[in-house]
Amino acid sequence: MAVLGITRLDAVNSCLMAINEYRVDALDTNGTSIQADAERVVNESTRYFCAVGWPCNTRKCVAITTTVVGTEDIVKAGLGGLPTNTLRIQGAGPNKNRNFVLRGDTLYDADKGTQDFLAATTIFLDIAELLDFENCDPILKEEIAQHAAQRFARRKIGSQVTDAYLSQELQISSQFNKTSPIFAGEKQLSQITNQQPGQ
């Protein structure tokens, strides 16, 4: 299958080049090499960006039905339609003003202070799901790669000069992504991703 935009290997090589390491020809998934470390950072950045919720990884107004588990009628990842790769949720449709959150792998109603719902309740949610890097939108992959390169360089060398350069690269790639996060009230990603360590 053809991959649009950059590949995971390209993103790993961006991380390596950020610390003046040579490019590699193959991934070392789950290994102990420096490219395996870079791949782990790419995966972290992918998870981070997917949690923000973009059109490529967010399903809108999904009907989820509660399931009886023991004595409670709950919504749990893998049961009742809530995917196991769910990273973030918010009420949608008739539930758009409800304050739902994830507690572990269980849906929690923060307004009512419970995870126990009425029997066979249908809840409508916007759901941000974790995607593999290759399945993200091409321009989002560019941002993920830049973010990963910056995080990787911070961890490996901690140079303020390199960090400033990589922050500028991330801002440039962010300017070309005209897509907005799905979830309301999000900070601009440039504010989030360009924070100095410890902020």
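Since we're looking at a predicted model, the values are computed, not measured.

**So, the nonpolar core**
With 26 residues, the main nonpolar core has Cys15, Val42 and Phe152 as its most contacted residues. Considering every element that reaches this core, the biggest residue donor is helix H3 (residues 138-156), with seven residues. Residues in contact with Phe152, not counting those within four places in the same chain, are Cys15, Leu16, Ile19, Ile34, Asp37, Ala38 and Val41. Of all hydrophobic cores here, the second largest spans eleven residues; its members include Val62, Ile64, Phe100 and Ile127.

**Quick notes on the sheet that holds strand E4 (residues 86-91)**
Strand pairing in a sheet takes place through backbone hydrogen bonds and is either antiparallel or parallel in direction. Pairing in this open sheet of three strands is antiparallel, and the strands run E1-E7-E4 from one edge to the other. Bordering the open sheet on either side are strand E1 (58-65) and E4, each of which pairs with just one other strand. Pairwise comparison of adjacent strand axes, ignoring direction, gives a mean angle of 40° for this sheet. Here helix H2 (residues 34-52) sits on the sheet in contact with E4 and strand E7 (122-129), set at roughly 10° to E4.

**As for the packing of helix H1 (residues 8-18) against H3**
H3 packs onto H1 with a crossing angle of 35° between their chain directions and a minimal axis gap of 8 Å. Where H1 crosses over H3, the two elements pack in a sense that is right-handed. Contact residues: Ala11, Ser14, Cys15, Leu16 and Ala18 in H1; Ala145, Ala148, Ala149, Phe152 and Ala153 in H3. When the residues that make up the contact of H1 with H3 are grouped by side-chain class, the tally is nine nonpolar, one polar and no charged.

**Looking at the environment of Pro181**
By the secondary structure assignment, Pro181 is in the loop between helix H4 (160-175) and helix H5 (189-193). When its relative accessible area of 25% is taken as the criterion, Pro181 is described as partly exposed. Sequence separation between Pro181 and Gly53 is 128 residues, and the spatial gap between their C-alpha atoms is 5.5 Å.

**Notes on the packing of aromatic side chains**
For the coordinates displayed, the defined rule picks out two aromatic pairs. For the ring pair Tyr48 and Phe49, a centre distance of 5.4 Å and an interplane angle of 80° mean the geometry is edge-to-face. By relative accessible area, which is 0% here, Phe49 ends up buried. Residues Phe100 and Phe117 carry aromatic rings whose centres are separated by 6.3 Å and whose planes lie at 50° to one another, so their mutual orientation is tilted. With a gap of 17 residues between them, Phe100 in strand E5 (residues 100-103) and Phe117 in the loop between strand E6 (106-109) and E7 connect regions that are remote in the sequence. We note that Phe100, like Phe117, is buried. Above the plane of the ring of Tyr108 lies Arg103, whose end atom (NZ or CZ) is 3.6 Å from the centre.

Definitions and limits used
- Residues numbered from 1 in each chain as written.
- Predicted model: local features only at pLDDT ≥ 70, side-chain atom pairs only at ≥ 80, totals over all residues.
- Heavy atoms only, no water.
- Core = buried A, V, L, I, M, F, W, Y, C linked by side-chain atoms within 4.5 Å.
- Buried < 20%, exposed > 50% of the residue type's maximum accessible area, 1.4 Å probe, protein only.
- Helix = DSSP H or I, 4+ residues; strand = E, 2+ residues; numbered from the N terminus.
- Contact = heavy atoms within 4.5 Å.
- Pairing = 2+ DSSP bridges.
- Axes fitted to C-alpha atoms, helices over the stretch in contact; angles between N-to-C directions.
- Left-handed = near helix turned anticlockwise from the far one by under 90°.
- Nonpolar A, V, L, I, M, F, W, Y, C, P; charged D, E, K, R; others polar.
- Phe/Tyr/Trp six-rings, centres within 6.5 Å; stacked < 30°, edge-to-face > 60°.
- Lys NZ or Arg CZ within 6 Å of the ring centre and 35° of its normal.

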